Amino acid sequence: MKRKKTKKIKIGNVFIGGDSPIVVQSMLKTNPENFQETLNQTRELKRAGCELIRIALPQEETCKIIPFLKKEVDIPIIGDIHFNHKIALKAMRLGIDAVRINPGTINNARKVKEIALCAKETKTPVRIGMNIGSMEKRILKKYHKPNAEAMVESALYYIGLFEDIGWTELKVSLKASDVFQTIDAYKKFSKLSDYPLHIGVTEAGPVFSGVIKSAIGIGILLYEGIGDTLRVSLTGNPVYEVIAAYHILRDLGLRKRGINLISCPTCGRCKVNLTEIVEEFEKDVNHFDKHLNVAIMGCEVNGPGEAKEADIGIAFGANKAILFAKGKVVKTGIPKEMAKDVLKEEIYNILKQ
Ligand code: SF4
């Protein structure tokens, strides 16, 4: 898996592209007029490991939240702007870290140029965020229907407007809700341009199906070396977007963060409610940022061997559990109700070392 080397840009204190790690993004879902709720969600996302946060700015007045958030949190904030280019101008002048514009909804080269001029003046990076559901009329006329080629051509056209003005702190996204169209568009674009790419499958759906769809689309792109930042778009708590993003990156060996939980599917040999034990444990540890492989297995005969790659793990007998590390038993006779706590204590001990 060889990652494509793209141009490196910086949003706030976070580098994107080049040799920087692939960055995890999410988007706030609160009303931007409700400052407190929005701040709470920003903090929750940051705690979950989110590295860039996007906020919808539907009207000019909603830009008022920018100085407030900038004062309260130290995570880069990206303003999401559709239709009205004046919102982008205002957000940039109020110190937003970056803006994402959808040129398809602005649909006017002169207005996009105004954004480019302001971006250059205020030194604000811009994401040119193409979306297959909102392509500009000119391109739709040429291609008759929205497709990957149309998105790529449109993105290159708008990049050209920024380049004409001399502002190239840009990243690009070309999203569709269809996995194949998404992959097609990013692959085509990546052959033609070195700008960093924000990847994702848009409107992927509710948590369960959306994570699967995103893992396929994002996973294939990352495997092909494409992608510098990513978002898993889900209908649900945005914290799940962050958790899912790290799972994808971790399973591809691209980032190491948090507890990698190995648990067996259980079978007739399992004598405990492993599903409940694993779900509770996952809730307890999903804010950990240090990386560790941890196993929770349903039987003590096969469990340690089946999970021998785990740094630490527990396996259950009928009443007692055993603790094992790298496939070797290190402690026996743990009462099963205490097993979860013993495992957590061991994790703390390992992480402390
Ligand atoms: S670890 Fe034991 S309980 Fe779990 S699937 Fe394997 S054999 Fe079954």
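Remember, it's a predicted structure, so these values are computed and weren't measured experimentally.

1. Quick notes on a nonpolar patch on the surface
Judged by side-chain polarity, F208, I212, I216 and I220 come together as a nonpolar surface patch covering roughly 410 Å² of accessible area. Its place among the elements puts I212 in helix α9 (residues 207–223).

2. Looking at the domain arrangement of the chain
Domain parsing of the chain yields domain 1 (9–251) and domain 2 (259–352). Averaged C-alpha coordinates put domain 1 and domain 2 at centres separated by 39 Å.

3. Here we look at the sheet that holds strand β9 (residues 198–199)
Within the open sheet, the eight strands sit side by side as β8-β7-β6-β5-β4-β3-β10-β9. Their pairing is parallel. Of all the strands in the sheet, the pair left with one neighbour each is β8 (170–175) and β9. Pairing of strand β7 (residues 126–131) with β8 involves six bridges; the strand directions are parallel. Among the inter-strand pairings, N131 is bridged to a residue of β8, identified as K175. Against the sheet, helix α8 (residues 179–192) makes contact with β8 and β9, and its axis sits at roughly 145 degrees relative to β8, the strand it touches most.

4. Here we look at the packing of aromatic side chains
Here the structure, examined in full by the defined rule, presents three aromatic pairs. Measuring from centroid to centroid gives 5.7 Å for F288 and Y348, while their planes differ by 40 degrees, and the two rings are tilted. Of this pair, F288 sits in the loop between α11 (274–285) and β12 (292–297) while Y348 sits in helix α13 (residues 339–352), and the two are 60 residues apart along the sequence. With a relative accessible area of 44%, Y348 lands in the partly exposed category. For the cation-ring pair, R138 lies above Y157, with the distance from its terminal atom to the ring centre recorded as 4.2 Å.

5. Some details on helix α7 (residues 148–165)
The first and last C-alpha atoms of α7 sit 26 Å apart over 18 residues, in line with the 26 Å expected at 1.5 Å per residue. Of all the residues in α7, the buried ones are A148, A150, M151, V152, S154, A155, Y158, I159, G160, L161, F162 and I165. Positive backbone phi, approximately 90 degrees, marks G166, located one or two places after α7.

6. Focus: the environment of A321
Structurally, A321 can be placed in strand β14 (residues 320–325). For A321, a relative accessible area of 0% translates into the label buried. A321 sits 23 residues away from G298 along the chain, and the two C-alpha atoms are 9.5 Å apart. The residues touching A321, leaving out its near neighbours within four places in the chain, are A315, F316, T332, G333, I334 and A339.

7. Some details on the pattern of salt bridges
Following the criterion strictly, the structure yields 24 salt bridges and no others. With its nearest N and O atoms 2.9 Å apart, the salt bridge here joins R231 to E241. In this pair, R231 sits in the loop between β10 (229–230) and α10 (238–251) while E241 sits in helix α10, placing the two residues 10 residues apart along the sequence. Using a relative accessible area of 10% as the deciding quantity, one classes R231 as buried. For E241, a relative accessible area of 0% gives the class buried. Among the ionic pairs, K340 bridges to E280, the shortest N-O distance being 3.5 Å. With K340 in helix α13 and E280 in helix α11, the pair connects residues that are 60 residues apart, well separated along the chain. On the basis of relative accessible area, E280 is assigned to the partly exposed category, the value being 36%. Members of the salt-bridge network, linked through shared partners, are E280, D284, K340 and K344.

8. Re the site of the ligand
In the neighbourhood of the ligand, the contacting residues comprise C264, T266, C267, R269, C270, M297, G298, C299, N302, G303 and E306. Its residues placed into classes, the shell around the ligand shows five nonpolar, four polar and two charged.

9. Structural notes on the sheet that holds strand β13 (residues 312–316)
If you trace the five strands from one edge of the open sheet to the other, you get β11-β12-β13-β14-β15, paired in mixed fashion. At either margin of the open sheet sits one strand with a lone partner, and together these are β11 (259–263) and β15 (328–335). When strand polarity is set aside, the average angle formed by the axes of neighbouring strands in this sheet is 20 degrees. Taken together, the four bridges between β13 and β14 define a ladder with antiparallel strand orientation. Each bridged residue has a counterpart across the sheet, and for F316 the counterpart in β14 is A321. With respect to the sheet, α11 is in contact with β11, β12 and β13, its orientation differing from that of β12 by roughly 155 degrees.

10. Section: the side chain of H198
With respect to the helices and strands, the residue H198 is situated in strand β9. For H198, a relative accessible area of 0% puts it in the buried group. In this structure the side chain of H198 is engaged in a polar contact, spanning 3.1 Å, whose partner is the side chain of Q25. There is a polar contact of 2.6 Å between the side chain of H198 and the side chain of T229.

11. Quick notes on the environment of L222
Its location among the elements puts L222 in helix α9. Owing to a relative accessible area of 3%, L222 belongs among the buried residues under this scheme. Residues L222 and R3, 219 residues apart in the sequence, show an inter-C-alpha distance of 7.7 Å. Once residues within four sequence positions are removed from consideration, L222 is found in contact with M1, I22, I199, G227, L230, I248, L249, L252 and L254.

Procedures and definitions
- Residues numbered from 1 in each chain as written.
- Predicted model: local features only at pLDDT ≥ 70, side-chain atom pairs only at ≥ 80, totals over all residues.
- Heavy atoms only, no water.
- Patch = residues over 30% accessible without salt bridge, like charges linked within 9 Å, V, L, I, M, F, W, Y side chains within 5 Å.
- Areas by Shrake-Rupley, 256 points an atom, 1.4 Å probe, with all protein chains shown as cover.
- Salt bridge = Lys/Arg side-chain N within 4 Å of Asp/Glu carboxyl O.
- Helix = DSSP H or I, 4+ residues; strand = E, 2+ residues; numbered from the N terminus.
- Domains from an automatic or database assignment.
- Pairing = 2+ DSSP bridges.
- Contact = heavy atoms within 4.5 Å.
- Axes fitted to C-alpha atoms, helices over the stretch in contact; angles between N-to-C directions.
- Phe/Tyr/Trp six-rings, centres within 6.5 Å; stacked < 30°, edge-to-face > 60°.
- Buried < 20%, exposed > 50% of the residue type's maximum accessible area, 1.4 Å probe, protein only.
- Lys NZ or Arg CZ within 6 Å of the ring centre and 35° of its normal.
- Expected span 1.5 Å × (residues − 1).
- Near = heavy atom within 4 Å.
- Nonpolar A, V, L, I, M, F, W, Y, C, P; charged D, E, K, R; others polar.
- Polar contact = N/O pair within 3.5 Å; in protein donor to acceptor, adjacent residues only side chain to side chain.

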